[in-house]
Amino acid sequence: MDKKLKRRLDLLTGYAIFTLLFFGYLAFSSFRKSSSAEKMDELTVKRINVVGEDGSLRMVISNETRQHPGRIAGKDLPSRKRPAGIIFFNNDGNECGGLTSEVDDTGKVINNEMSFTMDNYNNDQAVQIINSEEYENGKGNVRRGLVINEFPEGSSILGFMDKYEAIKKIKDATLRKQKMDDLITSEGSRRRLFIGRTLNNSSGLFLYDNSGKPRMEIYVDNTGAPQIKVIDEKGNSRGVLLK
């Protein structure tokens, strides 16, 4: 074999071996980095999706622009305005609660709200810790505390929304309002308990029956006077004498 040809073949063989080893090293390094835990001191992002081993969502941390609209029964809810914060999803990939905060300043009215919620299965908020503040012309309306709601067994927010949209299309205003009231009564949330500060600056415990009607209140009113009230089914209240 010609010496020049042999030298070229040796050079090409060496180049091929070097290239194979080099790209093999890159591939191995990339695999090792991707399969190991990364450590960093600071991370700046607009949204983070935490997923399960099956790829379904477990948690979304997002700003208000990119926030997830919510998912119930495997179906994403329509796009909607939602505050920045954390949205939690159960191991079925459906929304089950959240921690959000938002300030809305119109120039005349300032609304500030932060909320931690736990959802009823396939429905809306069942437990909520809330701080809600509204300020206008130097005066504030503040409500903060623990809220417990419940929904009829077997009800779903998707079914409620479908019926709600259908009722909105009824042209007769009287019939539309009647149907809407019936829907809210039969499938809407019912308040069961509130502990905290009310809008009229009373602080206490407020109890409701299984239809959402107030039945008992134990509180200190805005003058500092302690109060205990019992309320009947028709909404008539009776104060309990404190000795």
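Anyway, here's the lowdown on the structure attached to this text.

Cut-off values and rules
Residues numbered from 1 in each chain as written. Predicted model: local features only at pLDDT ≥ 70, side-chain atom pairs only at ≥ 80, totals over all residues. Heavy atoms only, no water. Helix = DSSP H or I, 4+ residues; strand = E, 2+ residues; numbered from the N terminus. Contact = heavy atoms within 4.5 Å. Expected span 1.5 Å × (residues − 1). Buried < 20%, exposed > 50% of the residue type's maximum accessible area, 1.4 Å probe, protein only. Pairing = 2+ DSSP bridges. Axes fitted to C-alpha atoms, helices over the stretch in contact; angles between N-to-C directions. Salt bridge = Lys/Arg side-chain N within 4 Å of Asp/Glu carboxyl O. Polar contact = N/O pair within 3.5 Å; in protein donor to acceptor, adjacent residues only side chain to side chain. Phe/Tyr/Trp six-rings, centres within 6.5 Å; stacked < 30°, edge-to-face > 60°.

**So, the overall build of the protein**
Stage number 1. Helix and strand counts for the protein stand at three helices and 14 strands.
Stage number 2. Here the contacts in the protein between residues at least 6 apart in sequence split such that 28% fall between residues at least 24 apart.

**Let's talk about helix H2 (residues 157-168)**
Stage number 1. With 12 residues, H2 extends 16 Å from end C-alpha to end C-alpha; this agrees with the ideal 16 Å at 1.5 Å per step.
Stage number 2. Of all the positions in H2, only Ile-157, Leu-158 and Ile-167 are classed as buried.
Stage number 3. Here the buried face of H2 lies against strand S3 (71-72), strand S4 (75-76) and helix H3 (173-187).

**Some remarks on the sheet that holds strand S6 (residues 95-105)**
Stage number 1. Taken together, the 12 strands give an open sheet; going across it, the order is S1-S2-S5-S6-S7-S8-S9-S10-S11-S12-S13-S14, and neighbouring strands pair in antiparallel fashion. Looking at the sheet topology across the chains shown, the edges are occupied by strand S1 (47-51) and strand S14 (237-239). Here the strands of the sheet are splayed against their neighbours by 15° on average, with no regard to which way each runs.
Stage number 2. As judged from the four bridges shared by strand S2 (residues 57-62) and strand S5 (residues 84-89), these two strands associate in the antiparallel manner. Of the residues in S5, the one forming a bridge with Val-60 is Ile-87.

**So, the pattern of salt bridges**
Where charged atoms from two side chains of opposite charge approach closely, those side chains can pair.
Stage number 1. A full pass over the atoms with the stated rule returns 10 salt bridges.
Stage number 2. Measuring nitrogen to oxygen at the nearest pair gives 3.0 Å for the salt bridge that ties Glu-95 to Arg-82. Of the two residues, Glu-95 is situated in strand S6 and Arg-82 in the loop between S4 and S5; the sequence distance between them amounts to 13 residues. Arg-82 carries the same exposure label as Glu-95, and that label is buried.
Stage number 3. Its salt-bridge partner being Glu-165, residue Lys-168 comes within 3.7 Å of it at the nearest N-O pair.

**Description of the side chain of Ser-115**
Stage number 1. Structurally, Ser-115 can be placed in strand S7 (residues 109-119).
Stage number 2. Relative accessible area serves as the criterion here: at 6%, Ser-115 is assigned to the buried category.
Stage number 3. Polar contacts involving the side chain of Ser-115 include one to the side chain of Gln-128, which spans 2.8 Å.
Stage number 4. The contacts of Ser-115, once residues within four sequence positions are left out, are Gly-98, Leu-99, Thr-100, Gln-128, Ile-129 and Ile-130.

**Overview of the pairing of S5**
Stage number 1. Where S5 meets S6, six bridges bridge the pair, whose relative direction is antiparallel. Across the sheet, the residue bridging to Ile-86 is Leu-99, located in S6.
Stage number 2. Linking S5 back to S6 in an antiparallel pair, the connection comprises five residues, with Gly-93 at a positive phi of about 85°.

**What about the packing of aromatic side chains?**
Stage number 1. Tallied over the entire structure, the rule returns three aromatic pairs.
Stage number 2. An angle of 20° between the planes, with centres 6.4 Å apart, marks the rings of Phe-160 and Tyr-164 as stacked. Of the two residues, Phe-160 and Tyr-164 both sit in helix H2, four residues apart, roughly one turn of that helix.
Stage number 3. Ring centres 6.1 Å apart and planes at 35° place the aromatic pair Phe-194 and Phe-206 in the tilted group. On the criterion of sequence distance, the pair formed by Phe-194 in strand S10 (residues 190-197) and Phe-206 in strand S11 (residues 203-208) is long-range, its members being 12 residues apart.
Stage number 4. By relative accessible area, which is 4% here, Phe-194 ends up buried.
Stage number 5. By relative accessible area, Phe-206 is classed as buried at 8%.
Stage number 6. Through successive ring pairs, a cluster of aromatic residues spans Phe-194, Phe-206 and Tyr-219.

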